[in-house]
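Survey of secondary and tertiary structure
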Amino acid sequence: MSDYSTTTREQATDFMAEYPGFGEMRSYTAGCEAEQVAFTWRLMPPGTGGRGSYGHRHKTQEEIYFVVDGAVTFKVGDEVFEAAPGTAVRIAPGAPRSIHNDGESEAQVVICSPRVDDPEADTEVEEGFWP
């Protein structure tokens with residue numbers, strides 16, 4: 001492996017591509033050949049996110065969400081709070097979580113966590129988490 005690698009927005013996997021109107025959620029992890037760190041950038045149009053539906057938890061992954069632009073509402077367990085640009089939110093493994101853009105403009109969030117071999121096996125969906 002090289003001493004460095006690069007991945008552009010167009011090369012990053014967009015997990016929201018199948019959901020028009022919900023923005024982008026691009027994973028740069030595989031494109032950068034990252035071995036230890038998972039790196040995701042999310043662009044959230046107004047009114048998008050997990051409110052009114054689902055949340056999720058990770059069995060082993062600690063995550064840090066960094067709000068780059070806009071305000072993002074978080075639900076972690078039973079706590080609901082808003083985070084402004086420049087705010088980092090650490091979420092422990094096992095804690096159910098969801099984020100939502102309640103604002104009138106786009107929001108951007110960066111998510112960092114340890115890379116796991118099988119992310120689907122580490123993730124549990126919480127249906128009806130945020131009614």
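First things first, this report covers the structure right here in the doc. Only a predicted model underlies this, so the values are computations on that prediction, with no experimental measurement involved. (Residues numbered from 1 in each chain as written. Predicted model: local features only at pLDDT ≥ 70, side-chain atom pairs only at ≥ 80, totals over all residues. Heavy atoms only, no water.)

Next up on the list: the sheet that holds strand β3 (residues 37–44). Read from one edge of the open sheet, 6 strands run β1-β2-β3-β10-β5-β8, paired in antiparallel fashion. In this open sheet, the two edge strands, each paired with only one partner strand, are β1 (13–14) and β8 (88–91). As paired elements, β3 and strand β10 (residues 107–114) share 8 bridges and run antiparallel to each other. Residue Thr40 lies in a different strand from β10, and its bridge partner there is Ile111. (Pairing = 2+ DSSP bridges. Helix = DSSP H or I, 4+ residues; strand = E, 2+ residues; numbered from the N terminus.)

Take the environment of Glu35 next. With respect to the helices and strands, Glu35 occurs in the loop between β2 (24–27) and β3. Since its relative accessible area comes to 59%, Glu35 is described here as exposed. Sequence spacing of Glu35 and Pro114 is 79 residues, and the spatial spacing of their C-alpha atoms is 9.0 Å. (Buried < 20%, exposed > 50% of the residue type's maximum accessible area, 1.4 Å probe, protein only.)

Residue position: Glu79 is located in strand β7 (residues 79–83). Each C-alpha atom, one on Glu79 and one on Ser105, is 24 Å from the other, the two residues being 26 residues apart in sequence.

In terms of nonpolar packing, the biggest core is built from 14 residues, with Tyr65, Val72, Phe74, Val89, Ile91, Ile99 and Val109 touching the most fellow members. If you list the elements that add at least two residues to this core, you get β5 (63–69), β6 (72–76), β8 and β10. What Val89 contacts, discounting residues up to four positions off in sequence, is Glu63, Ile64, Tyr65, Phe74, Phe81 and Ala83. Counting residues in each nonpolar core, the second largest holds 5 residues, with Ala12, Tyr28, Leu43 and Val110 among its members. (Core = buried A, V, L, I, M, F, W, Y, C linked by side-chain atoms within 4.5 Å. Contact = heavy atoms within 4.5 Å.)

Before going further, it helps to spend a moment on the side chain of Ser27. Mapped onto the secondary structure, Ser27 falls in strand β2. Among the residues examined, Ser27 registers a relative accessible area of 13% and is labelled buried. Within the structure, Ser27 has its side chain in polar contact with the backbone nitrogen of Thr29 (distance 3.5 Å). Those residues within four positions of Ser27 in sequence are excluded, and the remaining contacts are Ala12, Thr13, Phe15, Phe39 and Thr40. (Polar contact = N/O pair within 3.5 Å; in protein donor to acceptor, adjacent residues only side chain to side chain.)

The next point concerns the pattern of salt bridges. If you walk through the whole model with that rule in mind, you get 8 salt bridges. Glu24 serves as the salt-bridge partner of Arg26, at 2.5 Å between the closest nitrogen and oxygen. Comparing Arg26 with Glu24, the two get one shared label, buried. Residue Arg90 pairs with Glu62 through a salt bridge whose shortest N-O separation is 2.5 Å. Pair noted here: Arg90 is in strand β8 and Glu62 is in the loop between β4 (55–58) and β5, with a separation of 28 residues, a long-range link. One network of salt bridges, in which partners are shared, links Arg9, Asp14, Glu24 and Arg26. (Salt bridge = Lys/Arg side-chain N within 4 Å of Asp/Glu carboxyl O.)

Turning to the packing of aromatic side chains, a few remarks are in order. The tally for this structure, following the rule as stated, stands at 3 aromatic pairs. Judged by centre distance (5.9 Å) and plane angle (75 degrees), the rings of Tyr28 and Phe39 are edge-to-face. With Tyr28 in the loop between β2 and β3 and Phe39 in strand β3, this pair connects stretches of sequence that are 11 residues apart. Seen from their ring centres, Phe74 and Phe81 are 5.4 Å apart, and the 0 degrees between their planes marks the pair as stacked. (Phe/Tyr/Trp six-rings, centres within 6.5 Å; stacked < 30°, edge-to-face > 60°.)

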